[in-house]
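Coordinates in review
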Amino acid sequence: MFPPLREELRGVEPYGAPQLDVPVQLNVNENPYPPSEAVVDDVARSVAEATRTLNRYPDREFVELRGALASYLGHGVCAEQVWAANGSNEIMLQLLQAFGGPGRTALSFAPTYSMYPEYARDSNTAWVQGRRESDFALDLEVARELVERVRPSVVLLPSPNNPTGTALPPEAVSLLCEAVGESGIVVVDEAYGEFRRAGVPSALEVLPQHRNLVVTRTMSKAFALAGARLGYLAAAPEICDAVRVVRLPYHLSAVTQAVALAALRHAPELLGKVDQLRVERDATVAWLREQGHQVADSDANFCLFGTFADRHAVWRGLLDHGVLIRETGPDGWLRVSIGTAEEMTSFKHALTAVTGTAG
Ligand code: PMP
């Protein structure tokens, strides 16, 4: 059979949400605010500077960027504890390449980010999925038992979780790090970490206590830089060194490094927009509940709501009103990313119109 693809990849569709050109795009948890003129100018100047030496390979160890990311994270994290790649998707694949592999198992808890099983498949790692409770939290005793039974090499725990928005308390992270022990790593995927509600701590708080803990972040969401592809992790230096063994040479281009460094210089401005999105998120959750919908508590820049007997009809109806959301999560639920106030007004009008007729 041509092409002579690996057996398990035959007939598999590439992952990806529909990229449709509609007025209100609330389907892939992007930040709705494009970079300000100040950010555009700084990025453009930095890229022009980087262009002067594009005949050379970039700094393979991206020392300056690792230092800047470490300062941004705080919590006593230093440059040797930081590693970066082209999006946290690549970070996760590198972790699976280094710590997964044949004879090893990766574990997560459903419903969760749909790329995880793909990283496992692509690194020939066995994949086991436990379940979350009906409120999408983890039952820690059930999780611990599963860890003890499966003995995973990698546990993937998004916090806040996608698609539910649920954050994990640091005690849960500590309990799982201890249950996994030194024969595995626990990856807390904080892609949406900056959107947590006040008082919900990051797993970075317990990083010094656990050598096997990896906290991943991305500049795609809080830094409004999805197009630049920059994800990173904080972990023990030994873990960064292990990932360096599997990374491709010069995987992080000089242009990417320059763009990320420029955006980090504007962190306070960009995080101001995150605050606006958190307010809009809380207002959206409250509004959906007022309309009688069920809504999962959200610490992210999206919320999961439902339930609909025919969620596809609701999704389709919204699209007919020019509003694209995501048909994902458990049966009957839909996920909407938080956009600008105007976009959320369009979403609310469209949902009212659609559930009035289709609900
Ligand atoms: N983790 C989670 C939970 C996500 O939802 C996403 C993207 N939607 C990612 C990681 C990957 O993001 P990126 O590769 O843009 O950093």
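Residues numbered from 1 in each chain as written. Predicted model: local features only at pLDDT ≥ 70, side-chain atom pairs only at ≥ 80, totals over all residues. Heavy atoms only, no water.

1. Some thoughts on the overall build of the chain
The condition is simple: The helix and strand labels rest on DSSP assignments: H or I over at least four residues marks a helix, E over at least two residues marks a strand, and numbering proceeds from the N terminus. When we talk radius of gyration, it's over C-alpha atoms, and the globule rule is simply 2.2 Å times the number of residues to the 0.38. Residues are treated as being in contact if the distance between any of their heavy atoms lies within 4.5 Å. To be clear on the numbers: accessible area is Shrake-Rupley with a 1.4 Å probe, and residue cover counts the displayed protein chains and nothing else. Positive charge is attributed to Lys and Arg, negative charge to Asp and Glu, and no charge count is given to His or to the chain ends. Where a charge sits is defined by one atom per residue type, namely NZ (Lys), CZ (Arg), CG (Asp) or CD (Glu).
Secondary structure assignment for the chain yields eleven helices and twelve strands. Taken against the 2.2 N^0.38 rule, which gives 21 Å for 359 residues, the C-alpha radius of gyration of the chain at 21 Å falls within 12% of a compact globule. Summarising its shape, the C-alpha atoms of the chain cover approximately 55 × 55 × 55 Å along the three principal directions. Sequence separation of 24 or more characterises 74% of the internal contacts of the chain that already satisfy a separation of 6 or more. Total accessible area on the chain is roughly 15900 Å²; 52% of this is exposed by carbon and sulfur atoms. With 32 positive and 44 negative side-chain charges, the chain shows a spacing of 4 Å between the two charge centroids.

2. Some words on the environment of glutamate 342
This is how the line gets drawn: For every residue, the accessible area (1.4 Å probe, protein chains only) is compared with the maximum for its type, and the residue is labelled buried under 20%, exposed over 50%, or partly exposed between those bounds.
As for its placement among the helices and strands, glutamate 342 is situated in helix H11 (residues 341-358). Here glutamate 342 falls in the exposed class, since its relative accessible area comes to 56%. Considering only alpha carbons, one finds glutamate 342 and valine 24, 318 residues apart in sequence, at a separation of 9.4 Å.

3. Focus: the domain arrangement of the chain
Rules: What fixes the domain bounds is an automatic or database domain assignment. As used here, buried area is the combined drop in accessible area, with a 1.4 Å probe, of two parts when they are placed together.
By the assigned domains, the chain splits into domain 1 (16-36 + 268-358) and domain 2 (37-265). The gap between the C-alpha centroids of domain 1 and domain 2 is 25 Å. Taken together, the 28 residues of domain 1 in the interface contact 28 residues of domain 2. Taken over both partners, the interface formed by domain 1 and domain 2 buries close to 2400 Å², and the fraction arising from carbon and sulfur atoms is 60%.

4. As for the packing of aromatic side chains
Going by this rule: Paired rings are identified among Phe, Tyr and Trp, the last through its six-membered ring, by centres lying within 6.5 Å, and are further divided according to the angle between planes into stacked (under 30 degrees), edge-to-face (over 60) and tilted (the rest). Our definition puts a charge over a ring when NZ of Lys or CZ of Arg is within 6 Å of the ring centre and also within 35 degrees of the ring normal.
Taken as a whole and judged by the stated rule, the model has nine aromatic pairs. Both rings, one in phenylalanine 136 and one in tryptophan 333, keep their centres 5.4 Å apart while their planes meet at 75°; by these two values the pair is edge-to-face. In this pair, phenylalanine 136 is assigned in the loop between strand E4 (126-131) and helix H5 (140-150) and tryptophan 333 in the loop between strand E11 (323-324) and strand E12 (334-337), connecting sequence segments 197 residues apart. Considered together, phenylalanine 136 and tryptophan 333 belong to a single accessibility category, that of buried residues. Taking 5.0 Å as the distance between ring centres and 85° as the angle between the ring planes, the aromatic pair formed by tyrosine 192 and phenylalanine 302 counts as edge-to-face. In this pair, tyrosine 192 sits in the loop between strand E6 (185-189) and strand E7 (213-218) while phenylalanine 302 sits in strand E10 (residues 302-306), placing the two residues 110 residues apart along the sequence. In this structure tyrosine 192 comes out as buried when scored by relative accessible area, which is 6%. The class for phenylalanine 302 is buried, based on a relative accessible area of 0%. Within the aromatic cluster, the residues linked to one another by ring pairs are Tyr113, Tyr116 and Tyr119. Positioned over the ring face of phenylalanine 62 is arginine 66, at 5.7 Å from the centre of the ring.

5. Describing the nonpolar core
Worth spelling out the cut-off: The set of buried Ala, Val, Leu, Ile, Met, Phe, Trp, Tyr and Cys residues whose side-chain atoms join them within 4.5 Å is what this entry labels a nonpolar core.
Ranked by internal contacts, the top residues of the largest apolar core, which has 106 residues, are Leu95, Met219, Phe305, Ile325 and Phe347. Built from parts of two domains, this core gets at least three residues from each of domain 1 (16-36 + 268-358) and domain 2 (37-265). Non-local contacts of leucine 95, meaning those with residues more than four positions away in its chain, are made with Gly100, Ile185, Val187, Val214, Thr216, Leu233, Ile239 and Val243.

6. Quick look at the packing of H5 against helix H6 (residues 170-180)
Note the cut-off: Note on definitions: angles span 0 to 180 degrees between N-to-C directions of axes, and those axes are lines fitted to C-alpha atoms, for helices only across the stretch in contact. Roughly parallel means an angle under 35 degrees; roughly antiparallel means over 145; roughly perpendicular covers 65 to 115; every other angle is labelled oblique. Each helix crossing is assigned a hand: it is left-handed if the near helix lies turned anticlockwise from the far helix by less than a right angle, otherwise right-handed if that turn is clockwise. Think of it as three bins: nonpolar holds Ala, Val, Leu, Ile, Met, Phe, Trp, Tyr, Cys and Pro, charged holds Asp, Glu, Lys and Arg, and polar takes everything else, Gly as well.
Two elements in contact, H5 and H6, have axes whose closest approach is 9 Å; the angle formed by their N-to-C orientations is 20°. As far as their axial angle goes, H6 and H5 are roughly parallel. The handedness of the crossing between H5 and H6 is right-handed. Residues Leu140, Ala143, Arg144 and Val147 of H5 pack against Ala172, Leu175, Leu176, Ala179 and Val180 of H6. Residues that form the contact of H5 with H6 fall into these classes: eight nonpolar, no polar and one charged.

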